[in-house]
Amino acid sequence: TGNLTYWTYPNTTQTGFMAAKQTLISRSNKSMIAVLDASPEHETADLKEFVTHMRSSISDLNVGGGEYVGMLGSNTILVDSVEESSTTVTKIDLIVLPMALAVLMYVVQSWRMIVIPLFNVATTLLSSFAMMYGLTKYTAKAPSFVPSVMEAMVIALSIDYSLFLLTRYRFEVLHNGRRGTKAVREAIFFAGEVVFMSGLTLVSCFLGMTGFPTQTVYMVGVGCSLCLTMALIINLTMTPALLLAFPSFFTTFQFLPFCTKKEGPGVVTSDDQNNDVGDVDYILADNDNDEGRVEDANNGMPRPGSGLSVNDKAPDGDGIGDDADDEDD
């Protein structure tokens, strides 16, 4: 929108002009600055194009002999911050996320479970970034590092919340013998309370940052509280929805595909209990009498790998072991 250099002022000896001109050069007359103003209405993409053009023009000068020509100022810092934020986001995606998923897979002992946090992370980032874009479009602009902070928070909390919920779900399926909505309900009832209170505490803390008069701190509080709220809602709703939508897939626990043993109520083994013969179709027993427990059709014994005891008996007409039930009747 304008510029100010040593040559902007008339070449005169008037005191006012000479004093202004001297502010743009050093006392030794070996250094000089030029001020270029940019309109605050310009988008970051336009400023980036301007800074890139200026740096390209400076490099074409071929300045040598110990001389230096460069750009400084808030616009230059803004452009560099945006580029650095993009680099940071890439590092988070390529390094931090795989490491976090590896820890989750080790604790839950199932590679299939990593599908759920990946879906939750993608959904949370998409929704929170869309809302943040709308807020910054019509209100104050957010600092360039806010998206990086939001993504790091979403990844950390989505993995953490999935760890709580899926660990409890595995315990209910393998150790308590629950299936279907019973296992999901117990996981949400016990682990979901911890997740809810943790998320509520973090959201409250970041909302407190919105009380600061500084725009930078204010927008950090808004962005983090928004993404944490979405992470809390999506993890407490999407996780049980996916577990119930694909019960056979998620109730088969296997640390690594094709090379480790499978566990779960949907897995049968041979007589020596070592040779895995694969998944089998099964019907979810889901009623208030048997608490979702099922038995094998083989002499009323629990299915191998299900974590059930002999006393965990399914009712007649549940679709599992009906031939044995008919003989007893």
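Numbering of residues starts from 1 in each chain and follows the order in which that chain's sequence is written. With pLDDT at 70 or above as the cut-off, local features in this predicted model cover only qualifying residues; side-chain atom pairs require 80 or more to be listed or tallied, and sums for whole chains, interfaces and linings still use all residues. Computation of side-chain values: all heavy atoms of the structure, hydrogens and water removed.

Participant: What is the right way to read the packing of aromatic side chains from this model?
Facilitator: Geometrically, a pair of aromatic rings is defined through the distance of the ring centres and the angle of the planes. For Phe, Tyr and Trp, rings pair up if their centres lie within 6.5 Å, where Trp contributes its six-membered ring, and each pair is then called stacked (planes under 30 degrees apart), edge-to-face (over 60) or tilted (otherwise). Here the structure, examined in full by the defined rule, presents five aromatic pairs. Seen in terms of ring centroids, Tyr106 and Phe255 are 6.4 Å apart; in terms of plane orientation they differ by 80 degrees. Their pairing is edge-to-face. Taken together, the residues Tyr106 in helix H3 (residues 74–108) and Phe255 in the loop between helix H8 (247–250) and strand E3 (267–269) connect sequence positions 149 residues apart. Note on classification: 1.4 Å probe, protein chains only; a residue is buried when its accessible area is under 20% of the maximum for its type, exposed when over 50%, partly exposed between these limits. The exposure class assigned to Tyr106 is exposed, which follows from its relative accessible area of 57%. Overall, the relative accessible area of 25% leaves Phe255 in the partly exposed class. The interplanar angle of 70 degrees and the centroid separation of 6.5 Å between the aromatic rings of Phe246 and Phe250 together place this pair among those described as edge-to-face. Exposure remark for Phe250: the relative accessible area of 3% places this residue in the buried category. To sit over a ring, a charge needs its Lys NZ or Arg CZ within 6 Å of the ring centre and within 35 degrees of the ring normal. One residue, Arg170, lies across the ring of Phe253, its end atom 5.2 Å from the ring centre. Numbering goes from the N terminus for both helices and strands, where a helix is a DSSP run of H or I of at least four residues and a strand is a run of E of at least two.

Participant: Would you mind showing me how to read the environment of Arg112 here?
Facilitator: Position of Arg112 among the secondary structure elements: in the loop between H3 and helix H4 (115–138). For Arg112, a relative accessible area of 7% corresponds to the buried category. Along the sequence, Arg112 and Gln254 sit 142 residues apart, while their C-alpha atoms lie 7.5 Å from each other.

Participant: Mind showing me how you'd approach H3 here?
Facilitator: Structural remark: α-helix, 3.6 residues per turn; residues separated by three or four positions point the same way. Spanning 35 residues, H3 covers 48 Å between terminal C-alpha atoms, matching the ideal 51 Å at 1.5 Å per step. Here the bend at each residue means the angle between axes fitted to two seven-residue stretches, the one ending at that residue and the one beginning there. Its maximal kink placed at Ile92, H3 deviates by approximately 35 degrees. Of all the positions in H3, only Thr76, Val79, Ser85, Val89, Ile92, Leu97, Ala100, Leu101, Leu104, Met105 and Val108 are classed as buried. Count one or two residues on from H3 and you reach Gln109, which has phi positive near 60 degrees. Between the first and last residue of a helix there are one fewer steps than residues, each counted as 1.5 Å, and that sum is the expected span.

Participant: Honestly, the packing of H3 against helix H5 (residues 146–174) in this entry has me stumped. Any pointers?
Facilitator: Helices that pack against each other are described as a pair by the angle of their axes relative to one another and the distance between those axes. Axis definition: a line fitted to C-alpha atoms, limited for helices to the stretch in contact. Angles are taken between N-to-C directions and run from 0 to 180 degrees. Where H3 contacts H5, the two axes come as close as 10 Å, and the packing angle between them is 10 degrees. Put simply, H3 runs roughly parallel to H5. Taken together, the residues of H5 that come into contact with H3 (itself represented by Ser85, Thr88, Val89, Ile92, Asp93, Leu97, Ala100, Leu101, Leu104, Val107 and Val108) are Ser148, Glu151, Ala152, Ile155, Ile159, Ser162, Leu163, Leu166, Thr167 and Arg170. Residue type decides the class: Asp, Glu, Lys and Arg count as charged, Ala, Val, Leu, Ile, Met, Phe, Trp, Tyr, Cys and Pro as nonpolar, and the leftover types, Gly among them, as polar. Considered class by class, the residues forming the contact of H3 with H5 number 13 nonpolar, five polar and three charged. Roughly parallel refers to an angle under 35 degrees, roughly antiparallel to one over 145, roughly perpendicular to one between 65 and 115, and oblique to any angle outside these ranges. Whether two residues are in contact is decided by their heavy atoms, any of which lying within 4.5 Å being enough.

Participant: Hey, could you run me through a nonpolar patch on the surface in this one?
Facilitator: Patch rule: a residue counts if its relative accessible area is over 30% and it has no salt bridge; like charges are joined within 9 Å, and nonpolar side chains (Val, Leu, Ile, Met, Phe, Trp, Tyr) within 5 Å. Only the protein chains shown count as cover for residues, with accessible areas throughout obtained via the Shrake-Rupley method and a probe of 1.4 Å. One side-chain nitrogen of Lys or Arg within 4 Å of one carboxyl oxygen of Asp or Glu is enough to make a salt bridge. On the surface, Leu94, Ile95, Val96 and Met99 cluster together to form a nonpolar patch covering roughly 420 Å² of accessible area. With respect to the helices, strands and loops of the structure, Leu94 is situated in helix H3. In this structure Leu94 comes out as exposed when scored by relative accessible area, which is 63%.

Participant: What exactly am I supposed to notice about the confidence of the model for the chain here?
Facilitator: Parts of the prediction with low pLDDT should not have their coordinates interpreted in detail. Scored from 0 to 100, pLDDT records how confident the predictor is in each individual residue. Per-residue confidence for the chain gives a mean pLDDT of 74; residues scoring 70 or more make up 70%. pLDDT under 50 marks residues 268–329. Its contacts with residues more than four places away, or in other chains, come to 106 contacts.

Participant: Can you walk me through the pattern of salt bridges in this structure?
Facilitator: Once the charged atoms of two side chains with opposite charge are near each other, the side chains can pair. Here the structure, examined in full by the defined rule, presents two salt bridges. Residues Glu172 and Arg168 are paired through a salt bridge, measuring 2.9 Å at the closest nitrogen-oxygen approach. Of this pair, Glu172 and Arg168 both sit in helix H5, separated by four residues, roughly a single helical turn. The buried category is assigned to Glu172, whose relative accessible area is 1%. For the salt bridge of Glu172 with Arg178, the shortest nitrogen-to-oxygen distance reads 2.8 Å. For the pair formed by Glu172 and Arg178, the shared burial category is buried. Bridged by salt links that share partners, the residues Arg168, Glu172 and Arg178 form one connected network.

Participant: Before we go on, may I ask you to explain the state of the cysteines in this structure?
Facilitator: Disulfides are covalent bonds that connect the sulfur atoms of two cysteines. The rule for a disulfide is simple: a pair of cysteine sulfur atoms within 2.5 Å. Counted by the stated rule, this structure contains zero disulfides. The closest cysteine sulfur to the non-disulfide-bonded Cys227 is located on Cys224, 5.2 Å from its own sulfur.

Participant: Is there a simple way to explain unusual backbone geometry in this structure?
Facilitator: Keep in mind that most residues, glycine aside, have a negative phi and that most peptide bonds are trans. Of note, Gln109 is a non-glycine position whose phi angle comes to about 60 degrees, a positive value. For Gln109, the position within the fold is in the loop between H3 and H4.

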